[in-house]
There are 8 protein chains.
Amino acid sequence: MKIGYADVDLEREKRTGVPEVIYGEGKTVPEIEGIIKVLLDAGQSPIMVTRLSEEKAEKLSKSFTDELKYYPEAGIAVLGAMREPDGDGTILVLTGGTSDIPVAEEAALTAEILGNRVKRVYDVGVAGIHRLLKHQADIDEARVIIAVAGMEGALASVVAGLSKAPVIAVPTSVGYGASFHGLSALLSMLNSCASGVSVVNIDNGFGAGFQASLINHHPYKEGQ
Amino acid sequence: MKIGYADVDLEREKRTGVPEVIYGEGKTVPEIEGIIKVLLDAGQSPIMVTRLSEEKAEKLSKSFTDELKYYPEAGIAVLGAMREPDGDGTILVLTGGTSDIPVAEEAALTAEILGNRVKRVYDVGVAGIHRLLKHQADIDEARVIIAVAGMEGALASVVAGLSKAPVIAVPTSVGYGASFHGLSALLSMLNSCASGVSVVNIDNGFGAGFQASLINHHPYKEGQ
Amino acid sequence: MKIGYADVDLEREKRTGVPEVIYGEGKTVPEIEGIIKVLLDAGQSPIMVTRLSEEKAEKLSKSFTDELKYYPEAGIAVLGAMREPDGDGTILVLTGGTSDIPVAEEAALTAEILGNRVKRVYDVGVAGIHRLLKHQADIDEARVIIAVAGMEGALASVVAGLSKAPVIAVPTSVGYGASFHGLSALLSMLNSCASGVSVVNIDNGFGAGFQASLINHHPYKEGQ
Amino acid sequence: MKIGYADVDLEREKRTGVPEVIYGEGKTVPEIEGIIKVLLDAGQSPIMVTRLSEEKAEKLSKSFTDELKYYPEAGIAVLGAMREPDGDGTILVLTGGTSDIPVAEEAALTAEILGNRVKRVYDVGVAGIHRLLKHQADIDEARVIIAVAGMEGALASVVAGLSKAPVIAVPTSVGYGASFHGLSALLSMLNSCASGVSVVNIDNGFGAGFQASLINHHPYKEGQ
Amino acid sequence: MKIGYADVDLEREKRTGVPEVIYGEGKTVPEIEGIIKVLLDAGQSPIMVTRLSEEKAEKLSKSFTDELKYYPEAGIAVLGAMREPDGDGTILVLTGGTSDIPVAEEAALTAEILGNRVKRVYDVGVAGIHRLLKHQADIDEARVIIAVAGMEGALASVVAGLSKAPVIAVPTSVGYGASFHGLSALLSMLNSCASGVSVVNIDNGFGAGFQASLINHHPYKEGQ
Amino acid sequence: MKIGYADVDLEREKRTGVPEVIYGEGKTVPEIEGIIKVLLDAGQSPIMVTRLSEEKAEKLSKSFTDELKYYPEAGIAVLGAMREPDGDGTILVLTGGTSDIPVAEEAALTAEILGNRVKRVYDVGVAGIHRLLKHQADIDEARVIIAVAGMEGALASVVAGLSKAPVIAVPTSVGYGASFHGLSALLSMLNSCASGVSVVNIDNGFGAGFQASLINHHPYKEGQ
Amino acid sequence: MKIGYADVDLEREKRTGVPEVIYGEGKTVPEIEGIIKVLLDAGQSPIMVTRLSEEKAEKLSKSFTDELKYYPEAGIAVLGAMREPDGDGTILVLTGGTSDIPVAEEAALTAEILGNRVKRVYDVGVAGIHRLLKHQADIDEARVIIAVAGMEGALASVVAGLSKAPVIAVPTSVGYGASFHGLSALLSMLNSCASGVSVVNIDNGFGAGFQASLINHHPYKEGQ
Amino acid sequence: MKIGYADVDLEREKRTGVPEVIYGEGKTVPEIEGIIKVLLDAGQSPIMVTRLSEEKAEKLSKSFTDELKYYPEAGIAVLGAMREPDGDGTILVLTGGTSDIPVAEEAALTAEILGNRVKRVYDVGVAGIHRLLKHQADIDEARVIIAVAGMEGALASVVAGLSKAPVIAVPTSVGYGASFHGLSALLSMLNSCASGVSVVNIDNGFGAGFQASLINHHPYKEGQ
């Protein structure tokens, strides 16, 4: 549906199984409000806004009192009740360090909103490999693993070598100097010596949560 | 098991659900033979060798007559009977052009060896979008889609917008000049404006087939 | 004509068919005023200033009351009456998303100032290909198409495959991470698998509008 | 039409005004023959094969005696009579040096096959600017200019400053060291300080000739 | 001489013919004062501080009233009388545009302080080649030429083709998008198709003025 | 000592503790012979030639029968008796895969020639982390560790997290696509999340062996 | 030990010989306080926080009065008494210029905290090589050398050619234009023509001090 | 003068003081012969062909017996008598290593052909700084210095700090891995911490010799 600045894709859910999501960065609060209203009118629920700053979230909450829940660490706002977990299994979200947590939260919350059970295990980077190894049971029980890491991004390779589940790797821009804003982790993850790793854009927690949810649901089964 | 030059990982199947695969590039024929023998002794079947040139395949076939089947377009040799398809659904392999086919065949054959039903639809690049659109039924029926494309790599974004299945995107080094040996397609796929795309290394058909197979099997179910 | 800091090219129109345009970025308001006065004295009309911030536009408008019209979304100010459309046909301006609109507006307004009929169709990116396909009539009627897109920049390839008109592709810096400030879209557009695409600099809406106008006018015909 | 390895796009002419062209690089001679036969059956004429080596051309000529004409400098083979020039005006093809000529010939011949009058002016690089300036009459009479240059690629900027016609710039991989296989010329042309320049891929003479032909023909006029 | 944070090189003039120069960026005002005092004590005159902001210059001037002259466009402060021009001839400083002037002023003033006659000709970029050609007499009379340009940096090639003097090329970070902060101009200048061009770092006006001065003086002649 | 093409550094041992080493790549066999003779005359022993192909080694061995020992996997030839191990402890050389072995051998042999005890543990990459963990005793006993790995180069980080010894990381050009000839492993190792890692050039086994030897010897102790 | 956001690695000292260090950048003051308390409870001393701004240090000092010492130039805070120097010899820290000093101080102080004697020699870059040469005695006496330099980073090569000690090279982001934020110095140091150089990340003073300390201590000796 | 493929610039000498030079790479022997004949007819002497392989030189010498002299190390052929040295002083050509000699010879011979006295000092790289320092007298006597170096390219900075003459730096592609075909040396030389360095393209010995010759001659003096 066209609303001046935007051509809101109301048939996305029919086509792709997932309703339209609003990418908040670079949009003004009134623009976001406008799109939310179109989606509300079309009966979509829940409605999800990503990359939303606290300032914008506060302003936005004035228009949708009670209904809008904001998660500051993930930078995500949700309007409407969360979907019950209805996927095949659990999505395990790992991070290499504490600075990777905001990206991991974006991934984890996205997956939860899309109807997945999520288990978070943070700060288990390869510099202290035993911290990861003691979570072997979580790894064994996961249907999908999301590995979030910056710097050298080695977490994805190591965990893929320990698991039967597909690993969605998220390079982060955590680091400095020759990390080149996430390029180092991105290249590492693309060159993983372990099989079963595929990669999304730097800092793209949303994309990883989304992809993990697709994997965790049968696309052509009823109710999924 | 250690054999001079190699430390063959005989427990990989137990850990990751998929047995050791031999990467043929950069290994001599005697080295490959040696590793095959270790795997045969350990009872592994089938045994798969990737990135194997025709010359090497011919030499290798002399040591393993009748047993070794070589697929020249995919550059893969297989020893032992193929596994029956036992995954959730079908893996759809798409290419943008005809030059992308060798990489697509590596992906498709890998998936078949690992027990998946595969459907191939080649040469449906976005310059003639109608060629892709007429395969909507194949897209709707896929459990996973592998999108193989070089040059601008737009196929992944377009197909992800048409599908409920996760898309594994494989950039290829097809192109010249500012394709920079696949960099252009790689960046495109990482920046897909459609959600549900994750990416493997340039020309990594094997990795895509492997990841698609993990998605198409429940890691902790019996027989999978 | 020399005015201290600048050597204003008063013969550009005679040589290139288009009068001097003032690039506002990096120039102070007094510098811009000075150049405008030289052009006014030389009888040029309209006079166009690009990449002009709202702050500078406000200050500038004090010196040229009534005459100066400012378009904030395009960042362009115009002095004097717009030229009547006198080109061969219509220039169609497309964007992949809503964040690409400022660049598209720079292109569209530039083309209008230079005497072209312009049709705008925004937010029709390839993630929802049907949004684009329903504009096939606009595509068929265009003499030139300007395709503005960030992220993976696939819009240019898809539309070139649907059209008989030349496509001027404008990569934008919209995106994050591995978009590398527009590099991803730039490379995509240069590697378009569809023919009939040529590319201008990242975010260079002005250049695209200018080039489209040259195409839409016969350079050696009277009145063009 | 599907022929095993290829999905030949027989409706391209209807959609884009230009019939399917065969990109010869990376295809075997039998593959090229197969596609030619499909196009012949569909009644297409002329049929054009680009990036064709002399060896392949020689083999191919055995299957299509008398009909196939090969242009070694451009690396192009044509089957069937050339189209008469029916565009608006002349396409001027310039090169900076003598090493740029193969790319320029690919552009010039492509334009001729697509029905354009072409004028060639080679070896007029900016190190001897007077060589270019003495061709001002050719520049004034051109409907479109194709500027082909390697190394620093300055030809495009200079000629755009001298002309009322749109300039299609083709960076070439001519050079060494910090030319980085054409990257230097590509960046130069994208950053042209003169307006009216748009750029195709490095060494993409075909793309430039194609785009120039689109510009030189009215897409929705009869017979064009 | 050591002063805590710095090891001031008091013998540089004896070794290289040019006294120590203070690079102001990244140094505090007290640090700069300290180094100036060491140089004053050692009898050096004039003393030159480059890359000095207006704020720092103002503070610095309080300690060295009357003596310190600050040139805001060049970002240079000088303490002591300027050296009389004693070189072989004139240094001609050219810029492509008006935004390149600060870098050009850094070059021109550096050369003047080091004892050279300087002629400035600004805003003569190649998009209006006739603006440059009308300065042929200045070009013919120069002993050295400094060509300062951003964007595609073509000025260096064109002027080297018109001159018998060595050209010192200074790429500037003027531009946006694919200029990549001066990389485009840098590569252009390194790949100049005209001989007689050598290049300094992006925005390094000081280095160009210094190098031009060395060329304009006989290193082993008396008084030079 | 000057011998036409070379200025052989006979005082290197006095200055750096290690005698001159001959880098064989890009030198002809007669050139290498010439330098060996100068070193023999100066009494140096052993004399080491690196990056020497089998062909050159064969030719060279004709001039120095009995004395010259060639190690094909390391590409190193040695003239004269090896030095006895006299360092503080053991240097442990690890590789991620079998393709990294030539670089590892260059490192190991260099260290042995320079008087170090070396322990080799190959093919223990992070995709099968347990292969590495079972060598904890070797890791605990090492005075220095050399970690050689291509692709994502994660071995360096993991081993540094398990060890009290400094790790010298050697990225290799093993890999394809987005490994960019070793860039991926190089960046990974520079961005190691574990401390105690420093890095040498891609494929620079010699440099790693040399640095490890310096660490394993007290520079100012007698006999070292 | 897990404390919400972090999994503090209390066994790092046992494994690697060096206790956990807190990387301050990107952590809030309460987060840092939390981790310090865990380490205090575990009895660690001293506790070191790196990359800590003055603002954060001031806030932090309120919670740990008397105990916390902050070194503003190095950006490091230390809690608890410094360890006595107990290494083999002296670590020599060199810088090319004065702007490299903060990185050098991070390295020097890290080494001191880890129990090393450190000698600082700053501002001895290669543009005035005699400044370095007069410190030959310091070079001869060093057990390890840390060479900190930006711009062209040549200091590492020159000093390695003068010394028997291993050189840890730290490229800094000092410079502008084609220094590309430290890339130039990084590549220089990786390509050192002198042997005995290994490199850490850009601006990674901590990593260099840490690695130098490992070299200066026998990992398996008592008390080290 | 136009001869089919080339537009020979016969007025270059009048404009730039140096006659046309033939760049041999990428030209066939007949093409080179054709251009030589045009220049011979125009009375030019000497005529210089650069980047000429031994094979081509041999063929070429058959057409111009006795007259053509070929210098294999420099890859240059000369027709006609060399010009007598008539410059201001001596050009000193330095190399870092022996592998840089071919590029240095191209520079040295170019300078000699253009009428300069040249002094060669090779293999004096910074890893053995004393080899360079003992040539201080040569450095002091030079009017211009050409510094040729690959790998880290530090030679240019060091020599510029020791000299009153301008330094023309030539990065070479000597090296491997992270030298990235000369990029490392190129960046180093552009970021020289010593003033008085300007840079030509990677491996561009000709350009350096040419620029040095311009510096060593007064452009507007009689006989120069």
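By convention here, each chain's residues receive numbers from 1 onward along its written sequence. The lettering of chains begins at A and the numbering of ligands begins at 1, in the order of writing. Totals for whole chains, interfaces and linings use all residues, but because this is a predicted model, local features are given only for residues with pLDDT of at least 70 and pairs of side-chain atoms are given and counted only at 80 or more. Hydrogens and water molecules were not included; the side-chain quantities draw on all heavy atoms of the structure.

K.L.:
How should I be thinking about helix α9 (residues 205-216) of chain B in this particular structure?
P.N.:
Quick reminder: α-helices carry 3.6 residues per turn. Residues three or four places apart thus point the same way. Residue and element names in this part refer to chain B. Between its terminal C-alpha atoms α9 stretches 16 Å, which fits the 16 Å expected from twelve residues at 1.5 Å a residue. Think of it in three bands: residues with accessible area under 20% of the maximum for their type are buried, residues over 50% are exposed, and the middle band is partly exposed, with areas taken using a 1.4 Å probe on protein chains only. In DSSP terms, a helix is any run of H or I states spanning at least four residues, a strand is any run of E spanning at least two, and both are numbered starting from the N terminus. In terms of residue burial, α9 counts as a mostly covered element, since twelve of its twelve residues are buried. Within α9, burial applies to G205, F206, G207, A208, G209, F210, Q211, A212, S213, L214, I215 and N216. The span you would expect from a helix comes to 1.5 Å times its residue count less one.

K.L.:
So what exactly am I meant to see when it comes to the sheet that holds strand β5 (residues 68-71) of chain H here?
P.N.:
Pairing between the strands of a sheet is mediated by backbone hydrogen bonds and can be parallel or antiparallel. All names here are of chain H. In this analysis, strands are considered paired if DSSP registers two or more bridges between them. Strands sit in the order β3-β4-β6-β5 across an open sheet of four strands; the sheet is mixed. Two strands in the sheet have a free side with no partner beyond their single neighbour: β3 (22-23) and β5. Judged from the two bridges that link them, β3 and strand β4 (residues 47-50) form a sheet pairing that is parallel. Residue pairing in the sheet places I22 in a bridge with V49 of β4.

K.L.:
Just checking my understanding: could you explain the arrangement of the chains for this structure?
P.N.:
No part of chain A reaches chain D; the closest C-alpha pair between them is 21 Å apart. There is a gap between chain D and chain F: no contact, and a shortest C-alpha distance of 15 Å. Contacts are residue-level and defined by heavy atoms, with any inter-residue pair within 4.5 Å sufficient.

K.L.:
Would you take a moment to explain the pattern of salt bridges for this structure?
P.N.:
Pairing is possible between side chains that carry opposite charge, provided their charged atoms lie close to one another. By definition, a salt bridge exists where a carboxyl oxygen of Asp or Glu is found within 4 Å of a side-chain nitrogen of Lys or Arg. On inspection of all chains with the given rule, the structure shows 56 salt bridges over all chains. One salt bridge connects D123 of chain G with R131 of chain G, and the closest N-O pair in it is separated by 3.8 Å. Take D123 of chain G and R131 of chain G: they sit in the same class, and that class is buried. One salt-bridge network, in which partners are shared between bridges, spans E105, E112 and R120 of chain A.

K.L.:
Sorry, what's going on with the side chain of E105 of chain E here?
P.N.:
Residue and element names in this part refer to chain E. Tracing the chain through its elements places E105 in helix α4 (residues 101-113). For E105, a relative accessible area of 14% corresponds to the buried category. Here a polar contact means two N or O atoms within 3.5 Å. Within protein one must be a hydrogen donor candidate and the other an acceptor candidate, and residues neighboring in sequence count only if both atoms are side-chain atoms. In terms of polar contacts, E105 uses its side chain to reach the side chain of Y122, at 2.7 Å.

K.L.:
Help me understand the interface of chain E and chain H in this model?
P.N.:
By a widely used convention, the size of an interface equals the accessible area lost when the partners come together. Contacts between chain E and chain H engage 40 residues on the former and 40 residues on the latter. Carbon and sulfur atoms make up 55% of the area that chain E and chain H hide from each other, which totals about 3,200 Å². Put simply, chain E and chain H have zero salt bridges between them. Summed over the shared surface of chain E and chain H, the number is twelve residue pairs in polar contact (both at pLDDT 80 or more). Mapped onto the side of chain E that touches chain H, the elements with two or more residues apiece are α1 (12-16), α6 (136-141), β9 (142-149), β10 (167-171), α8 (183-190), β11 (197-199) and α9 (205-216) of chain E. With five residues, α9 of chain E is the single largest residue contributor to the side of chain E that touches chain H. Looking at the side of chain E that touches chain H, its residues break down into 18 nonpolar, 14 polar and eight charged. Values labelled buried area give the accessible surface lost by two parts on being combined, using a 1.4 Å probe and summing over both. Ten residues, namely Ala, Val, Leu, Ile, Met, Phe, Trp, Tyr, Cys and Pro, are considered nonpolar, four, namely Asp, Glu, Lys and Arg, are considered charged, and the remaining ones, Gly among them, are considered polar.

K.L.:
Explain the packing of aromatic side chains here, please?
P.N.:
In this scheme Phe, Tyr and Trp rings, the latter by its six-membered ring, pair at centre separations within 6.5 Å, and the angle between planes marks the pair as stacked below 30 degrees, edge-to-face above 60, and tilted otherwise. Counting across every chain of the model gives 16 aromatic pairs over all chains. When the ring of Y23 of chain B is compared with that of Y176 of chain F, the centres are 6.4 Å apart and the planes differ by 15°; the resulting orientation is stacked. Taken together, the residues Y23 of chain B in strand β3 (residues 22-23) and Y176 of chain F in the loop between β10 (167-171) and α8 (183-190) connect one chain to another. On the basis of relative accessibility, which here comes to 16%, the residue Y176 of chain F falls in the buried class. Sitting over the ring of Y176 of chain G, R51 of chain E keeps its end group 4.2 Å from the ring centre. For a lysine, the NZ atom is tested; for an arginine, the CZ atom; a charge sits over a ring if that atom is within 6 Å of the ring centre and within 35 degrees of the ring normal.

Note that every value here comes from positions in space, so none of it alone points to a role or purpose.
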